[in-house]
Amino acid sequence: MNKVYVKIAFALVVASILLAGCVSTGGESGVASEKITIEIVQGKVEFAKQFESLAESYEEENPGVDIKITSVGGGTDYLTSLKTRFSSGEEPEIFSIAGPSEAEQFRQYLTDLSDTDAADLALEGSLAGVTEGDEVLGLPFNQEGYGFIYNKNIFEQAGIDPNEIITYGDLENAVKTLDSKKEELGIEAVFAYPAKEKWVGGNHLSNVYLAPEFNHNVTEAYNADTVTFEKSDELKRVFDLQNEYSVQPTLSLDYSQQVEEYFSLQKVAIIQQGNWVYPSVQEMDPEFAANSIGILPIPVEGYEGSIPVGIPNYWAVNSNSDEEVIEVSKDFLDWMYTSETGKDYVLNEFNFIPAYEGYDTEKISDPLSQDIYDYASEGNTIGWVFAGYPSNAWGDILGANMQKYLSDEMTWEELIEDSIAKWEEPRQ
Amino acid sequence: MKNRDFTFWLFLTPVILGLSLVVVIPFIYGLFYSFTDWNGIKATTFLGFENYIKLFQDEEFRAALWFTIKFSVASVILLNILGLILALLVTRKLKSSNFLRTIFFMPNLIGGLILGFIWQFIFVSVFDDIGTALGIEALSGWLSTTNTGFWGLVILTCWQMAGYIMIIYIAYLQNIPNELIEASQIDGASSWQRFRNITFPLVAPAFTISMFLTLSTSFKIYDQNLSLTNGGPYNSTQMVAMEIVKTAFNENQMAFAQAKGVIFFLIVAVIAITQVYYNKKREVDM
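Chain B appears in an unreviewed UniProt entry as Raffinose/stachyose/melibiose transport system permease protein from Aquibacillus albus. Entered under Subcellular location (unreviewed entry) in the UniProt record, the comment concerning chain B runs "Cell membrane". Looking at chain B in UniProt, the text filed under Sequence similarities (unreviewed entry) is "Belongs to the binding-protein-dependent transport system permease family."

You'll find chain A entered in an unreviewed UniProt entry as Raffinose/stachyose/melibiose transport system substrate-binding protein, with Aquibacillus albus given as the organism. Heading Sequence similarities (unreviewed entry) of the UniProt record for chain A holds this comment: "Belongs to the bacterial solute-binding protein 1 family."

Below, the structure is given as structure tokens:
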């Protein structure tokens, strides 16, 4: 008989634990009402720790504000969890969005931020993806750029001056020289091209050759009914060049092999990547990272010497909050990008390339970011239009087609034809 | 019926509560959303069966389904052969049999995601190095073609699941009455005859269990697929679960993906129900 009571008691304990879950959430919101709580959900995990300590400094200066930060792993996972938060009613006050497609999905929740100081100070063109008429719906995180990252030591040994590589012809010659001296330079191949990563070809490489037809404007790309691939031949030859002179087989080569195994260990001379690889290279070999890497533009006829620079993420403020909360949220974003403490964090702790005026850009810490900032400030940029590709993950579709082309499942003409059709499909 | 008193329901409540909150209610929600144009945030129009009609015309979904079926058939056959061999090995009177059982079962305890990355390294780097050293060209370029990707997945699944299937076979092998074995030995049966006529028929029920178990597991594989090939090259090694996730979260067609999910559920449910039905029948037979 005793056993029965024990079991009932156990069942009650289990039930009470289940119920306790419900009670505690109710209690929390009661306590929080004294302070203004700002919940931030953002999708860039690389700087999560530093961002949290920045938020702590803000809390010290503003004791009435409590900031809670959730950082979710890059790409698709972030959007999933953000949507979950919204559909379950646990809406954050500040969240990050990546370009016009996400801005449209969350349109009903976006506050106009045009009255913030940060919006005034944002670099020209950096708000293009999130501007709607007079309204500014997001504030840029930072700038990012990509191109051919090369190993200065290897170039020097091979007697190649990177400053002289301007046109496609120059690049091809340099690649052939490097290839002929592979043994003495101690490299496995000239490139490491990660065809396994669909975004490297489908988003980044294609962006360089598609941006001119959309006038380098992400919004124009976002509204375009079709794509013409004017520079299809140029895209093909750079793609072929990278694939031919790459470590083989490219189809199973991934990002981490490309950056860590091959480039950081100096087994290849050039990789097509952006300034985001810097921390990884630094971790593998700090000295090499600091002194011996540089970035070259991907040659596009008519735009030689220009580098694609863009805004990967924007901050958005939830319009569904109380007026007071919205004001505090705006103030926090302003403080982050315009106060001295905030600026210091942005440059030195986050290692961002600032997207705002008024920064001491001499202090940009890594050479890749410095190079990219120089290109950007001289106006030598190519648009960042891939954030405006169709929402059926068009970049991935193009990337998959490029993989088919490499496996001889598709000719280049079929690739172009199919990719155009897939662009038009969701935009009818 | 008599025992369905207050205590009966009291004990059941936590489970019913949990199950309905986590499984039943979301499932009903999902079923409803699959008939709308839900995009993850809001649903505006009711579409009826449009998503379901579109789904059968979706080439990528059909390709993924076909790939999954091929994969399941290959891995079910190999898994059961391998599981039975391992079980026969460790039920012999070897000193190391307990140790071996643990070793064979261990891969099953490692998460699929990590296994995928480990095997990716083996296929891409180790295979390539061995191939270059021994001059075997077939070992180079693994995971860069559809075929090697397919076999890569099969090998990974077999390596992971074989230990589990082995346990099931061990249970049946140990239940074979010793008298039968002894009697056959006295009658002068060779070890092959003994296996063919005594062991095999007596472990046949284990085969049914293992078959359905492996079938439904191989159908639902996602993590190994994601970390080993990520669908590449050109999405040709993409299985159904992965295709659904991609439709939902990359292509942002939540409702459409939900419809695919419902179809996927039906397929797995049919397999599972058949399994339960057969198992019950077997139990009666014995």
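Enquirer: Could you clarify how one ought to interpret the UniProt feature "domain: ABC transmembrane type-1" (unreviewed entry) in chain B in this entry?
Expert: As annotated in UniProt, the feature "domain: ABC transmembrane type-1" (unreviewed entry) corresponds to residues 65-275 of chain B in the numbering used here. In this annotation, residues 65-275 of chain B is assigned 79% helix and 0% strand; the end-to-end C-alpha distance for the span is 20 Å.

Enquirer: Hey, could you run me through the domain arrangement of chain A in this one?
Expert: How big an interface is tends to be stated in terms of accessible area lost as the parts join. Residues and elements named next belong to chain A. Domain assignment breaks chain A into domain 1 (31-143 + 311-358) and domain 2 (146-309 + 380-427). Distance from the C-alpha centre of domain 1 to the C-alpha centre of domain 2: 31 Å. Between domain 1 and domain 2, the residue contacts involve 9 residues of the former and 9 residues of the latter. For the pairing of domain 1 and domain 2, the buried interface totals around 750 Å² over both sides, and the portion due to carbon and sulfur atoms is 59%. Our count for the contact surface shared by domain 1 and domain 2 stands at 0 salt bridges.

Enquirer: Before we go on, may I ask you to explain the pairing of strand β9 (residues 268-274) of chain A in this structure?
Expert: The two faces of the sheet receive side chains in turn, since in a regular strand these alternate between them. Residue and element names in this part refer to chain A. Buried residues dominate β9, accounting for 7 of its 7 residues. Pairing of strand β7 (residues 144-151) with β9, which is carried by 5 bridges, proceeds in the antiparallel orientation. Along β9, the bridge assignment pairs Y146 with G274. Relative to β9, strand β8 (residues 189-191) runs parallel, the two being bridged by 2 bridges. Bridge pairing in β9 links A189 to V268.

Enquirer: Please clarify how the environment of M410 of chain A should be interpreted in this entry.
Expert: Residue position: M410 of chain A is located in the loop between α18 (394-406) and α19 (412-424). Once residues lying within four places of it in the same chain are set aside, the contact partners of M410 of chain A are N401, K404, Y405, L415 and D418 of chain A.

Enquirer: What exactly am I supposed to notice about the interface of chain A and chain B here?
Expert: Listed by partner, the interface residues are 29 residues for chain A and 27 residues for chain B. In this assembly, chain A packs against chain B so that about 2400 Å² is buried in total across both faces, 60% of it on carbon and sulfur atoms. Looking only at chain A, the three residues that lose the most surface to chain B are K83, K196 and S252 of chain A, adding up to 19% of its buried area. Inspection of the chain A/chain B interface yields 0 salt bridges. Put simply, the parts of the chain that give the side of chain A that touches chain B at least two residues each are α1 (2-32), α3 (76-87) and α18 of chain A. Here the element with the most residues in the side of chain A that touches chain B is α1 of chain A; it accounts for 5 residues. In terms of residue class, the side of chain A that touches chain B is made up of 10 nonpolar, 11 polar and 8 charged.

Enquirer: Just to check I follow, could you spell out the side chain of Q242 of chain A for this structure?
Expert: All names here are of chain A. The residue Q242 is located in helix α11 (residues 232-244) in this model. For Q242, the side chain forms a polar contact with the side chain of Q272, separated by 2.9 Å. Leave out the neighbours within four places in its chain, and Q242 touches F148, F191, Y193, L205 and Q272.

Enquirer: Hey, could you run me through the pairing of strand β11 (residues 307-310) of chain A in this one?
Expert: Residues and elements named next belong to chain A. Side-chain alternation along β11 places I307 and V309 on one buried face and P308 and G310 on a second face that is also buried. The sheet contact formed by β7 and β11 spans 2 bridges and is antiparallel. If you follow E144 over to β11, its bridge partner there is G310. Direction of pairing for β11 relative to strand β13 (residues 381-382): parallel, over a ladder of 2 bridges. Bridge pairing links I307 to T381 in β13.

Enquirer: I keep staring at the side chain of S218 of chain B and nothing clicks. Help me out?
Expert: Residues and elements named next belong to chain B. Here S218 is to be found in helix α8 (residues 191-220). Judged by relative accessible area, S218 falls into the buried class, the value being 1%. Those residues in contact with S218 that lie beyond four places of it in its chain are T68, F71, S72, S75, V76 and M239.

What counts and what doesn't
- Residues numbered from 1 in each chain as written.
- Chains lettered and ligands numbered in written order.
- Predicted model: local features only at pLDDT ≥ 70, side-chain atom pairs only at ≥ 80, totals over all residues.
- Heavy atoms only, no water.
- UniProt positions renumbered as here; feature names shortened; annotations may be inferred.
- Helix = DSSP H or I, 4+ residues; strand = E, 2+ residues; numbered from the N terminus.
- Domains from an automatic or database assignment.
- Contact = heavy atoms within 4.5 Å.
- Buried area = accessible area lost by both parts, 1.4 Å probe.
- Salt bridge = Lys/Arg side-chain N within 4 Å of Asp/Glu carboxyl O.
- Buried < 20%, exposed > 50% of the residue type's maximum accessible area, 1.4 Å probe, protein only.
- Pairing = 2+ DSSP bridges.
- Nonpolar A, V, L, I, M, F, W, Y, C, P; charged D, E, K, R; others polar.
- Polar contact = N/O pair within 3.5 Å; in protein donor to acceptor, adjacent residues only side chain to side chain.

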